[in-house]
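# Coordinate inspection notes
In case you want the letters, here they are:
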Amino acid sequence: METLSMMEIQKAGDNAQQFQIQNLTIGIDEKRAREIYDEKYSIAKKDFTEEALRIANERVRELENRLIPKMEAVNDGLKAFADPSFQLLLVDAQKTAAATERSVDYDLLSELLVHRIEKGNDRHVRTGIHRAVEIVEDISNEALLGLTIIHSLNSFIPVSPECVGALNTLNDLYGRLIYAKLPDGIDWIEDLEILDAIRINPFGKFKTIKEYCSEAMLS
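Just so we're clear, the structure is a prediction, and the values are computed from it rather than from any experiment.

For the protein chain, the count of helices and strands is nine helices and two strands. Counting from the amino terminus, helix and strand elements in the protein chain follow one another as β-β-α-α-α-α-α-α-α-α-α. Among the 219 residues that make up the protein chain, the fraction classed as buried is 28%. Intrachain contacts of the protein chain at a sequence separation of at least 6 include 66% that bridge at least 24 residues.

Shown next, in the form of structure tokens:
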């Protein structure tokens with residue numbers, strides 16, 4: 001529930017009544033959250049012709065069905081639907097969802113919106129999320145997979161002191177993440193740079209996966 005403190009003072013004549021309202025409580029439940037979602041979509045879908053609306057509606061509904069349960073699982077997550085900044089981001093996410101046919105993109109967009117709720121007080125994080133929502137549809141499958149693996153290498157290190165157990169953990173993790181052939185060459189990296197998703201150091205060199213993993217494990 002969202003609580004707003006509000007005081008209203010009215011100047012009136014002798015026979016008029018004056019009211020003071022404090023602690024006005026406005027709640028956002030699942031029903032209201034879905035209503036707001038539809039209200040924002042009425043803005044997003046203005047860019048589509050009648051012929052495109054059927055496909056757009058299906059895709060935006062996919063995003064809704066993945067987003068709402070995730071937001072409910074976050075403490076006070078649905079309250080974000082009352083935030084003007086979040087509503088503007090939601091419209092952008094709906095437009096991106098309508099433009100992409102990849103199922104994984106709806107999951108990615110929903111995760112970005114939830115992350116906006118959890119880390120939205122950090123303006124650097126907020127800026128990154130807003131940009132990510134804009135380019136989700138433009139990132140190729142190869143580049144998306146490459147980014148996922150790089151992020152995993154940086155973020156997930158097995159804590160098991162037993163070598164075989166640690167390797168089994170990594171094997172299980174990457175067995176789930178690698179759903180296609182890993183990207184080859186540097187074209188996918190250059191595509192990400194064009195989208196401002198990464199920065200390439202012109203004075204550096206790309207490491208092999210063996211070098212990258214070895215350094216990550218030893219750090």
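We are not done yet, so read on.
With that out of the way, let us pick up the packing of aromatic side chains. Inspection of the entire model under this criterion finds one aromatic pair. Judged by centre distance (5.5 Å) and plane angle (80°), the rings of Phe81 and Phe86 are edge-to-face. On the basis of relative accessibility, which here comes to 0%, the residue Phe81 falls in the buried class.

This part takes up unusual backbone geometry. With phi around 60°, Asp76 is a residue other than glycine that occupies positive phi space. Considering the arrangement of structural elements, one finds Asp76 in the loop between α2 (50-73) and α3 (84-99).

Let us look at a negative patch on the surface. A surface patch of like charges, here negative, comprises Asp187, Glu190, Asp191, Glu193 and Asp196. Mapped onto the fold, Glu190 is located in helix α8 (residues 187-194).

Right, let's talk about the side chain of Gln87 for a bit. By secondary structure assignment, the location of Gln87 is in helix α3. Looking at Gln87, its side chain comes within polar contact range of the side chain of Lys40, at 3.5 Å.

Now for the pattern of salt bridges. Following the criterion strictly, the structure yields 17 salt bridges and no others. One salt bridge connects Asp107 with Arg66, and the closest N-O pair in it is separated by 3.0 Å. Taken as a pair, Asp107 in helix α4 (residues 103-119) and Arg66 in helix α2 lie far apart in primary sequence, 41 residues in all. Given the relative accessible area of 31%, Asp107 is considered partly exposed. Taken together, the salt bridges that share partners define one network made up of Glu30, Arg34, Asp38, Arg61 and Glu64.

Right, let's get into the confidence of the model for the protein chain. For the protein chain, the mean per-residue pLDDT works out to 82, and 82% of the residues sit at or above 70. Every residue in residues 1-12 is under pLDDT 50, and counting partners more than four places away or in other chains gives 30 contacts. In the model, residues 16-25 has pLDDT below 50 throughout and makes 22 contacts with residues more than four positions away in sequence or in other chains.

Turning our attention to α8. Taken as a whole, α8 has its buried residues at Trp188, Ile189 and Leu192. Angular distribution of buried residues about the axis of α8 spans 100°; they occupy a single face of the element. More than 90 degrees from the buried face of α8, the exposed residues found are Asp187 and Ile194. As for α8, its buried residues are in contact with α6 (141-155). Positive phi appears at Asp196, one or two residues downstream of α8, with a value of about 65°.

Turning to the packing of α2 against α3, a few remarks are in order. Two elements in contact, α2 and α3, have axes separated by 8 Å at closest approach and are oriented at 135°. In terms of orientation, α2 and α3 fall into the oblique class. The chirality of how α2 crosses α3 is right-handed. Note on element contacts: α3 touches α2 through Phe86, Leu90, Ala93, Gln94, Ala97, Ala98 and Ala99, opposite Ala56, Arg59, Val60, Leu63, Leu67 and Met71. In terms of residue class, the contact of α2 with α3 is built from eleven nonpolar, one polar and one charged.

Another aspect to go through is the nonpolar core. For soluble globular proteins, nonpolar side chains are generally found buried alongside one another. Ranked by size, the top nonpolar core spans 31 residues in total, and within it Tyr37, Leu67, Met71, Phe81, Leu109, Leu113 and Val133 carry the most contacts. Within the residue set of this core, elements represented by two or more residues are α1 (30-44), α2, α3, α4 and α5 (123-135). By residue number, the principal contributor to this core is α3, which donates seven residues. In this structure, Tyr37 is in contact with Val60, Leu63, Glu64, Leu67, Phe81, Leu90 and Gln94, ignoring residues within four places of it in sequence. In this structure, Ile139, Ala143, Leu144 and Ile189 belong to the second largest nonpolar core, which totals eight residues.

Cut-offs applied
- Residues numbered from 1 in each chain as written.
- Predicted model: local features only at pLDDT ≥ 70, side-chain atom pairs only at ≥ 80, totals over all residues.
- Heavy atoms only, no water.
- Helix = DSSP H or I, 4+ residues; strand = E, 2+ residues; numbered from the N terminus.
- Buried < 20%, exposed > 50% of the residue type's maximum accessible area, 1.4 Å probe, protein only.
- Contact = heavy atoms within 4.5 Å.
- Phe/Tyr/Trp six-rings, centres within 6.5 Å; stacked < 30°, edge-to-face > 60°.
- Patch = residues over 30% accessible without salt bridge, like charges linked within 9 Å, V, L, I, M, F, W, Y side chains within 5 Å.
- Areas by Shrake-Rupley, 256 points an atom, 1.4 Å probe, with all protein chains shown as cover.
- Salt bridge = Lys/Arg side-chain N within 4 Å of Asp/Glu carboxyl O.
- Lys, Arg positive; Asp, Glu negative; His and termini not counted.
- Charge placed at Lys NZ, Arg CZ, Asp CG, Glu CD.
- Polar contact = N/O pair within 3.5 Å; in protein donor to acceptor, adjacent residues only side chain to side chain.
- pLDDT = per-residue confidence, 0-100.
- Arc of directions from axis to C-beta.
- Axes fitted to C-alpha atoms, helices over the stretch in contact; angles between N-to-C directions.
- Parallel < 35°, antiparallel > 145°, perpendicular 65-115°, else oblique.
- Left-handed = near helix turned anticlockwise from the far one by under 90°.
- Nonpolar A, V, L, I, M, F, W, Y, C, P; charged D, E, K, R; others polar.
- Core = buried A, V, L, I, M, F, W, Y, C linked by side-chain atoms within 4.5 Å.

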